[in-house]
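Coordinate inspection notes
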Amino acid sequence: KKEKLPRNGSGGKERDFPDDEGDEPYLVPAIPEDTPHVPYKPLKRADDEVLQRSRDYYQLMANRRTVRFFSPEPIPEGVLENLVKTAGTSPSGAHTEPWTYVVVQNPEMKEAIRNIVEEEEELNYAKRMSRQCQDFNACWWLLTIVCVSHADGQWVTDLKPFATKPTKPYLSEAPALLLVFRQAYSWRPDGRKRMHYYSEISVAIAAGILLAAIQYCGLVALTSTPLNCNARLRDLLSRPSNERLELLLPVGRPHKEATVPDISRKSLEEIMIKV
Ligand code: IYR
């Protein structure tokens, strides 16, 4: 069999749509074609109740904040399971459910994750997010001659109000870490590759539902997307090569002295346009 080349000129980069297996001798959907369609009759709510619930839910979500200081108090039994089940209700391309949620509560494993993330973040802050790296992309030849310093770039500067640092005590202090992996594809029972259409947006929606569930039950999280940690964390957690770490959420209760930056959100007028 001839080796397949990327067909859309993407140079083999990851895309939303995987190559189909067009030269397979037969095409059978991954979910049976004769899947019955059944009535869906959720509870019908009156208009005023719909309005009240939309207000209440907005209030609940408006109180969500990204928290960087955690209390070590344990999470009640069963909560993490319910949160993951809720994230698993998310819609996904062709119902492929392209996610794996790794829940870490073991202190040694949290520490091992922290070590990897801190090591990479040292490099991120000093190099990957720094001026040297940003300018290097634009003008590598000049920089290699005149500049070897690690001056702060725009990225590091833009993060200053949030007081983020390469050291991440919350990774060992929070009672649980929830790592969201995206499956770029999977395998069917017959051994063929199963396409995961729109896996990126599917996992992003699931992450939003997960954050909302965490807020609803009264816990807090830190939405973090560690840069350049994928391969090492995937290996540490024994995840397969079709999976990619998209999100690392420390989850728990805020430390009693936790603070958050005093920032506000855009107004409705700024984010909504009615046509
Ligand atoms: N991942 C780094 C840097 C960072 C980047 C963004 I964009 C943030 O909103 C926050 C942090 C860190 O976790 O420190």
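The notes below deal with the structure included here. Here the structure is a predicted model, which is why all the values come from computation and not from measurement. (Residues numbered from 1 in each chain as written. Predicted model: local features only at pLDDT ≥ 70, side-chain atom pairs only at ≥ 80, totals over all residues. Heavy atoms only, no water.)

**What about the site of the ligand?**
Let me state the cut-off plainly: Throughout, the term near means that a residue has one or more heavy atoms lying within 4 Å of the molecule or strand in question. Here a polar contact is taken to be a pair of N or O atoms separated by no more than 3.5 Å, where protein atoms must pair a possible hydrogen donor with a possible acceptor and residues adjacent in sequence count only if both atoms sit in side chains. Note on areas: Shrake-Rupley with a 1.4 Å probe; residue coverage comes only from the protein chains shown. Grid points spaced at 1 Å and placed over the protein atoms alone form the basis of the search, with a cavity being a set where a 1.4 Å probe fits but cannot get out and a pocket an open set showing protein on both sides within 12 Å along at least five of seven lines. Lining residues have an atom within 4 Å of a point. Whether a molecule sits in a cavity or pocket is decided by its atoms, more than half of which must lie within 2 Å of the grid points. Amino acids outside the nonpolar list (Ala, Val, Leu, Ile, Met, Phe, Trp, Tyr, Cys, Pro) and the charged list (Asp, Glu, Lys, Arg) are all regarded as polar, and Gly is one of them.
All residues in the neighbourhood of the ligand are listed as Arg68, Glu121, Tyr125, Met129, Trp155, Leu159, Thr164, Lys165 and Lys168. Contact distances for the ligand include 2.9 Å between a nitrogen atom and a side-chain N or O atom of Glu121. Here the ligand loses 67% of its free accessible area of 380 Å² to cover by the protein chains. Using a 2 Å cut-off from the grid points, one finds that the ligand occupies the largest pocket. Partitioned by chemical class, the residues of the shell around the ligand number 4 nonpolar, 1 polar and 4 charged.

**Re the side chain of Arg114**
Cut-off, in case you're wondering: By definition, any uninterrupted DSSP run of H or I lasting at least four residues is a helix, any uninterrupted run of E lasting at least two residues is a strand, and each is numbered from the N terminus. The contact criterion used is simple: two residues touch if any of their non-hydrogen atoms lie within 4.5 Å.
Along the chain, Arg114 turns up in helix H3 (residues 107-128). Here Lys168 takes part through its backbone oxygen, which lies 3.4 Å from a polar atom of the side chain of Arg114. With near-sequence residues (within four places) excluded, Arg114 lies in contact with Lys168, Pro169, Leu171 and Ser172.

**Quick word on a nonpolar patch on the surface**
This is how it is decided: Only residues whose relative accessible area exceeds 30% and that form no salt bridge are eligible for patches; like-charged ones are grouped when within 9 Å, while nonpolar side chains (Val, Leu, Ile, Met, Phe, Trp, Tyr) are grouped when within 5 Å. Each salt bridge in this description consists of a side-chain nitrogen of Lys or Arg and a carboxyl oxygen of Asp or Glu lying within 4 Å of one another.
A surface patch of nonpolar side chains, about 390 Å² in accessible area, is lined by Tyr197, Tyr198, Ile201 and Ile205. Along the chain, Tyr197 falls in the loop between strand E5 (193-195) and helix H7 (199-217).

**Observations concerning the layout of surface pockets**
Which entries qualify depends on this criterion: Grid points are joined across faces, edges and corners, and a volume is the space filled by probe spheres set on the points.
Its volume calculated, the largest pocket comes out at about 990 Å³. Contributing to the lining of the largest pocket are 38 residues, with Thr66, Arg68, Phe162, Thr164 and Leu222 lying nearest its centre. Of all the secondary-structure elements, those providing two or more residues to the lining of the largest pocket are H3 and helix H6 (170-173). Among the elements that take part in the lining of the largest pocket, H3 stands out by supplying 4 residues, more than any other.

**Quick notes on empty space enclosed by the protein**
Left-over empty space is what a probe sized like a water molecule reveals as it rolls over the atoms. A full pass over the atoms with the stated rule returns 1 cavity of 30 Å³ or more. By volume, the largest cavity amounts to about 60 Å³. Counting only elements with at least two residues in the lining of the largest cavity, the list comes to H7 and strand E6 (220-221). For the lining of the largest cavity, the element with the highest residue contribution is H7, accounting for 3 residues.

**Side note on the packing of aromatic side chains**
To keep things clear, this is the line we draw: The criterion for an aromatic pair is that two Phe, Tyr or Trp rings (for Trp, the six-membered ring) have centres within 6.5 Å, with stacked assigned to planes under 30 degrees apart, edge-to-face to planes over 60 apart and tilted to the rest. Exposure is judged per residue with a 1.4 Å probe applied to protein chains only, and the accessible area is read against the type maximum: over 50% gives exposed, under 20% gives buried, and values in between give partly exposed. Whether a charge sits over a ring depends on NZ of Lys or CZ of Arg being within 6 Å of the ring centre and within 35 degrees of the ring normal.
Using the criterion set out here, one finds 1 aromatic pair in the structure. For the ring pair Tyr185 and Trp187, a centre distance of 5.3 Å and an interplane angle of 85° mean the geometry is edge-to-face. Owing to a relative accessible area of 22%, Tyr185 belongs among the partly exposed residues under this scheme. The exposure class assigned to Trp187 is partly exposed, which follows from its relative accessible area of 48%. If you follow Lys193 out to its NZ or CZ, it ends over the ring of Tyr185, 4.2 Å from the centre.

**Structural notes on helix H2 (residues 79-87)**
Our working rule: Relevant arc is that of directions from the helix axis to the C-beta atoms, nothing else.
Listed as buried for H2 are Val79, Leu80, Leu83 and Ala87. End-on view of H2: buried residues confined to an arc of 95°, all on one side of the axis. Residues of H2 that are exposed and angled more than 90 degrees away from the buried face: Glu81 and Lys85. The inward-facing, buried residues of H2 abut strand E2 (99-104), strand E3 (176-183) and H7.

**Things to note about the pairing of E2**
Spelled out, the test is: Two strands pair under a simple rule: DSSP has to find at least two bridges between them.
The element E2 is largely enclosed, with a buried count of 5 among its 6 residues. As paired strands, E2 and E3 are joined by 6 bridges and run antiparallel to one another. Across the sheet, Val103 pairs through a bridge with Leu178, a residue of E3.

**With respect to the packing of H2 against H7**
Worth spelling out the cut-off: Axis geometry follows a simple rule: fit a line to the C-alpha atoms, using only the stretch in contact for helices, then measure angles between N-to-C directions, giving values from 0 to 180 degrees. By convention the crossing between two helices is left-handed if the near helix lies anticlockwise of the far one by an angle smaller than a right angle, and right-handed if it lies clockwise.
Where H2 meets H7, the axes come as close as 8 Å, and the angle between the chain directions of the two elements is 145°. Regarding H2 and H7, the two cross each other, and that crossing is right-handed. Across from Val79, Leu83, Thr86 and Ala87 in H2, the residues of H7 making contact are Ala206, Ile209, Leu210, Ala213, Ile214 and Cys217. The class makeup of the residues in the contact of H2 with H7 is 9 nonpolar, 1 polar and no charged.

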